[in-house]
Amino acid sequence: MVVRPARAFGNSPASPRELGERSPLRLAAARGALALELYEPIELGPLSVSELVVSLPGLNFPVDLSGGVPAFRHRRGVLERGELTLAFADLVRWARRGLAAAFGDGEQAAQLTEVRLWGVPGGLAVGLHSGTQALAFELLWAPAEGDVDLVVSAERGAGLGEPALGRALRALDSCLGRLGERSGRRYRLGQLATALTRRLLPALGARAPEARGVRFGELVLGADELLLRFDRRQPPLQYSPRVARALELAELTREADDRLAAGDAAAARQLYLTALGEAPRHLEIARQIAELDVWTDDRREAALGLLVECGPVAAAGVVGVELLAHSGDLHGAQAAAEALASAEVFAPLAALGWLEVAELARAGAAELGAPAGAVEHALERAVAVAPALEAARWARVEHRLERGELTGALGDLEQLEAIQTVVSGRHAVCLRAGQRLLQAGYLQHAGRWFERAVRYCPEDAEATWGLARALSSAGRGARAVALLGRAIELGERAARVPSGALIDLAQILAEMGDVPAAIARLRAVTGGDADALRARALEGRLRARLGDLAGASQAYGRLRAALQALTSHDAQPSFAAGGAAWLAEAARFERERLGDWHAAERHLAVALRLAPHDAEIAAAYRTAAEEVARSRAGLPDGAPLTDASRETRLVALDDASSPSSFGIDLPERAARSVPPPWRATRTAARPEGAVVPPASPRSAEPSVAPERAESERATIPWGTEQTADVLDSEEDSGEAALHEAAERLRRRLEADPEDDNVALELALSLERLGADLELYALLSARLEDSDAPLPELAALLRGVLVRLRDGALARGAQEEAWLYAAALARVVG
C-alpha cells in the first residue's frame, strides 16, 4: 500500500482565489530567517493544522516586504515545525465506515453500535461494538525519522469466534490502507510531514517546502483530542519499554500476522510456531497460536498444553478463560474472567465479559454447588458498566424471570424499549418481551407487550399471533380465534404465514368441536421444521378422532417419513424427544385401531432412534418386533417364538456405506451400477400383469435399549388428553379404505405426474398395503426423474429396499437379495 498524498487527508482546503484577502499565511521571522507562517487553523479531513512554519532561506537583507505573502509564494522554503490537532469526535466520523470492516465485509459489514477512542500511555486505544460482539485494541505511537509507525497491541474481543488480531488488522486495512503500508501488525505512514505539506501549501498558493529531516515528537494526549508536533530540531524519540516490546513482537510475527490478516489460519499457525521457536515461551505468540487452535481448528487440548508450558493460563486473556472452563476448572475460569472484566475500560467489552462471568457462575452453581448469588452479581455489574447494552439487559431479564422477579424483569424491559431510537427496534423489543413473558406464564403482562408490538407495527403477523396466544392461554378463545385469523391473513399478504398460528387456530377449532376445519388448517402447514412435524402429529390425532382411519394412518406415515429423513443427517435434532412421543402415539394407533404391527414397528424403530434411552419405547418396540417375527414365521398371536424366528434385524441403514455392510457378501460386480427389477413410468403405473404382493416382512433400524435407563420421553406440546380417549372406538381394519385411497391417489398422479405430494401419499399407502415392489418402482422412478425430490421419498426408498432384501434372503434368493443390497448401497452412499 503506497501513500497517495492527493487523497490521503480528505477534502482540499480553500484555494487562494476562494481565500482572497483571508489567506491564512503571513510573513514572520523564524530562527533568523524570513518565513511563511500559518496564523489560523486549517481543517484537512479529520486533522486541524494549527501551526505551520516554513523558512525561506537564501534571502539577503534588507528584504522588500511590501509585496506581502504573494511576493514569496514562488520560493521553495524549508519546513521548520508544525502542530496537528486531532479531535476524537472528528476522527470517529472519518474512520467509522472503515472500522466497520471488523465485523464484516462490503455490504455485509455490520452497523457499529459504538466507536470509542481514548488515550493510553504511548498511543491511542480503539473500541468497537456491534450487537453481541466487541473489539478493542491499541495503536502505539512509534515515529522514526520522518516516518510514523503505528503498532497494533493489546488486542482483545468478545463474541468474535476468531483471533481478535485478525479482526483488528482487517479493520485498519480498510481505514488506513490509503495512507500508508502495513507490514504485519505495524502500519507505516511514510514521510507524513512531507505528504501533509504537499497537500496543504499548494492549495494555499505556496510551493511545497523541503521537509526532509523533520521528526515527530511524543504524542500529547488531551481530554478529547491528540496533539502531533513535528520539528526539524526534534531529537530522535526514545521509546518506552512498552513500545519497544511491541516493536520487537511485530518484527518477530510479521509474516504470521500478514497471513492471519489474509485469512490463512493454517499458514499463520505454522509461522507463529516458527516465531515461538525463535523466542521460546513468548506468552503473546503462544496466545496467538492458542486462539487459532481454539477458534479456528477446535484443538483445545493442544492450546491448553502450549499455554501451560509458556506461563499462567489465566494470563492469556479470553482464550485462557475458554481453556480453563474446557478443562473443568470453572472456579479458575470465573476468577480469570472476572479479572479481565474488571480491568477492561471499554464499557461494552467489559459488560460482555461480565456476562461470561455470569455464565461461568451459573455453570459452577449447577455442577459444583457454587453460590448462586455470583450470577446476579455479575449481571448487575454488566448492566452497571453498560446500561445501554441490550445483551446485558436481556440476560438480566432472563435471570429475573427464572427467579420469579417479575417487577425487576418488567423494569428492564421498559429500559430496553426506551433504549431504542427507531420504531422497528421498539417493535422488536415488545415482540420479544411478549414471547418471553408468555413462555414464563405471565399471560396478562405478555398480552400487554404484544399489544404494544401491534401498536408499533399493526401489519405484523407475529405480534398479532402472539397476542392471540396470550388471549387463548387466558381463556379468551373467541377473541383469540379472530386474532389468529387476522395473523394468518397478514402472513398471507407478506407470504410468511406463521405455522404456529395455523396450529394454534386448529387447536382452538378442535376444542370448539369443528374438527374438519381444524384438519384443514393443519394441512396448510408445510415444510420440514418442528411446526410441520407437530402439525402432522396433530392431524393424525384429529383424523383418528373423526374416524378417518386411513387419513390418520397417512398423516402418521408422513410424520415418520419426515422424522426419518431429518435423523438421516441430524443425529440428535432439537425436537427428538417430542418426535419420539409423537411416533409412540402413532404406533399405538396402528396397533390398537388397525391391528397393523408392521406399521407400529416402523414407527417405533424411528422413535427409538430419536430417544434411544426411553425404556417405554424400547419395550414397545420389542413387543412389536416379536409380533412381526411371529407373522414372518407364520405363528399365531401369542405363540412362543423359536430361536430362529428371534434372529435380529440386519444393520441399521444409517450405519451402512457399502453393499457388504447390508449383511451380504457381494462379488466384485457390486461396484457396478445395478438396475432395479423394472423401471416404472413417470405416472407410476404398475407393469402389465404385475400382482400386488402380500405384506412382505418389515424391517426397521435396530436399537438396543439399556436394561436400566431413565425415560427421556417428552409429552406432546399441546393438549393433555390421552390417546386412549381417541382409540377406544370399535375395531376397524381399514384395509378396504386403504385400497380405495391408493386407487384414488394413482388416478390423481396419472392426471398430474409432477405432484410430489400426491406421490408421497401414494407411497405411504403402498407401504401400508405391503405393495413393496410397486412402491420400489414408484420411488426409484421419482427419485431418478425429479430434479428436487422430497427428502421423505428417499427415506421410504431405503426402507422398502431393506424389506425387499430381507424378503429375498428369507426365500433363499441370494441373487435377488444382492440386487436390492447394491441398490440400497447406492441410495445410502
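Residues numbered from 1 in each chain as written. Predicted model: local features only at pLDDT ≥ 70, side-chain atom pairs only at ≥ 80, totals over all residues. Heavy atoms only, no water.

It is worth spelling out the overall build of the protein chain at this point. Check the secondary structure of the protein chain and you find 32 helices and 14 strands. In the protein chain, which comprises 829 residues, the proportion classed as buried is 51%. For the protein chain, the share of sequence-separated contacts (at least 6 apart) that also reach a separation of at least 24 residues comes to 60%. Carbon together with sulfur atoms contributes 50% to the accessible area of the protein chain, which is approximately 37,400 Å² in total. (Helix = DSSP H or I, 4+ residues; strand = E, 2+ residues; numbered from the N terminus. Buried < 20%, exposed > 50% of the residue type's maximum accessible area, 1.4 Å probe, protein only. Contact = heavy atoms within 4.5 Å. Areas by Shrake-Rupley, 256 points an atom, 1.4 Å probe, with all protein chains shown as cover.)

Take the packing of helix α13 (residues 347–367) against helix α15 (residues 390–402) next. Remark: α13 packs on α15, axes separated minimally by 10 Å, with the N-to-C direction vectors making an angle of 25°. Regarding the angle of α13 to α15, the classification is roughly parallel. Seen from above, α13 lies across α15 with left-handed handedness. Taken together, the residues of α15 that come into contact with α13 (itself represented by Leu352, Leu355 and Arg362) are Ala391, Ala392, Ala395, His399 and Glu402. Partitioned by chemical class, the residues of the contact of α13 with α15 number five nonpolar, one polar and two charged. (Axes fitted to C-alpha atoms, helices over the stretch in contact; angles between N-to-C directions. Parallel < 35°, antiparallel > 145°, perpendicular 65-115°, else oblique. Left-handed = near helix turned anticlockwise from the far one by under 90°. Nonpolar A, V, L, I, M, F, W, Y, C, P; charged D, E, K, R; others polar.)

Turning to the pattern of salt bridges, a few remarks are in order. Following the criterion strictly, the structure yields 56 salt bridges and no others. A salt bridge links Glu210 to Arg212, with the nearest nitrogen and oxygen atoms 2.7 Å apart. The exposure class of Arg212 is exposed, given its relative accessible area of 62%. (Salt bridge = Lys/Arg side-chain N within 4 Å of Asp/Glu carboxyl O.)

Let us now look at the nonpolar core. One finds Leu99, Leu128, Leu135, Phe137, Val152 and Tyr272 to be the most contacted residues of the largest nonpolar core, which totals 120 residues. Here this core takes nine residues from α13, the largest share from any one element. In this structure, Leu99 is in contact with Leu112, Val115, Val126, Leu128, Ala171 and Cys175, ignoring residues within four places of it in sequence. In terms of nonpolar packing, the next biggest core, distinct from the first, is built from 46 residues, Val397, Leu413, Ile519 and Ala535 among them. (Core = buried A, V, L, I, M, F, W, Y, C linked by side-chain atoms within 4.5 Å.)

This part is about the pairing of strand β6 (residues 114–120). Pairing of β6 with strand β7 (residues 123–130), which is carried by seven bridges, proceeds in the antiparallel orientation. Of the residues in β7, the one forming a bridge with Gly119 is Leu124. Connecting β6 to the next strand, β7, in antiparallel fashion are two residues, including Gly122 with a positive phi near 85°. (Pairing = 2+ DSSP bridges.)

Our next topic: the packing of aromatic side chains. Under the counting rule described, the total for this entry stands at four aromatic pairs. Seen in terms of ring centroids, Trp141 and Phe216 are 5.9 Å apart; in terms of plane orientation they differ by 80°. Their pairing is edge-to-face. Of the two residues, Trp141 is situated in strand β8 (residues 133–144) and Phe216 in strand β12 (residues 215–216); the sequence distance between them amounts to 75 residues. The exposure classification of Trp141 matches that of Phe216, with both residues buried. Chaining the aromatic ring pairs together yields one cluster made of Trp141, Phe216 and Phe230. In this structure, Arg432 packs its charged tip against the face of Trp394, placed 4.0 Å from the ring centre. One residue, Arg452, lies across the ring of Trp449, its end atom 4.3 Å from the ring centre. (Phe/Tyr/Trp six-rings, centres within 6.5 Å; stacked < 30°, edge-to-face > 60°. Lys NZ or Arg CZ within 6 Å of the ring centre and 35° of its normal.)

This brings us to the sheet that holds β6. Strands sit in the order β6-β7-β8-β9-β11-β10 across an open sheet of six strands; the sheet is antiparallel. Each of the sheet's edge strands pairs with one partner strand only, and the pair in question is β6 and β10 (181–183). The sheet shows a mean angle of 25° between the axes of neighbouring strands, taken without regard to direction. Across the sheet, helix α4 (residues 164–176) is in contact with β8, β9 (147–158), β10 and β11 (186–189); its angle to β9 comes to roughly 135°.

The next thing to look at is unusual backbone geometry. Of note, the phi angle at Glu145 is positive, near 55°, even though the residue is not glycine. Relative to the helices and strands, Glu145 resides in the loop between β8 and β9. In this structure, Arg281 takes a positive phi of about 60° despite not being glycine. Within the secondary structure layout, Arg281 lies in the loop between α8 (265–278) and α9 (283–295).

A few words now on helix α3 (residues 88–99). Since the α-helix packs 3.6 residues into each turn, any two residues three or four apart lie on the same face. For α3, which comprises twelve residues, the first-to-last C-alpha distance of 14 Å sits more than 12% below the rise-based estimate of 16 Å (1.5 Å per residue). Among the residues of α3, Phe88, Leu91, Val92, Ala95, Gly98 and Leu99 are the ones counted as buried. For α3, the angular spread of buried residues about the axis comes to 125°, placing them on one side. When the buried face of α3 is taken as reference, the exposed residues oriented beyond 90 degrees from it are Arg93 and Arg97. (Expected span 1.5 Å × (residues − 1). Arc of directions from axis to C-beta.)

Glancing now at the confidence of the model for the protein chain. Chain-level pLDDT for the protein chain is 79 on average; 82% of the residues reach the 70-or-more range. Segment residues 1–12 is flagged for pLDDT under 50; beyond a separation of four residues in sequence, or across chains, it makes 30 contacts in the model. Throughout residues 14–20 the model reports pLDDT below 50, and contacts reaching past four residues in sequence, or to other chains, amount to ten contacts. (pLDDT = per-residue confidence, 0-100.)

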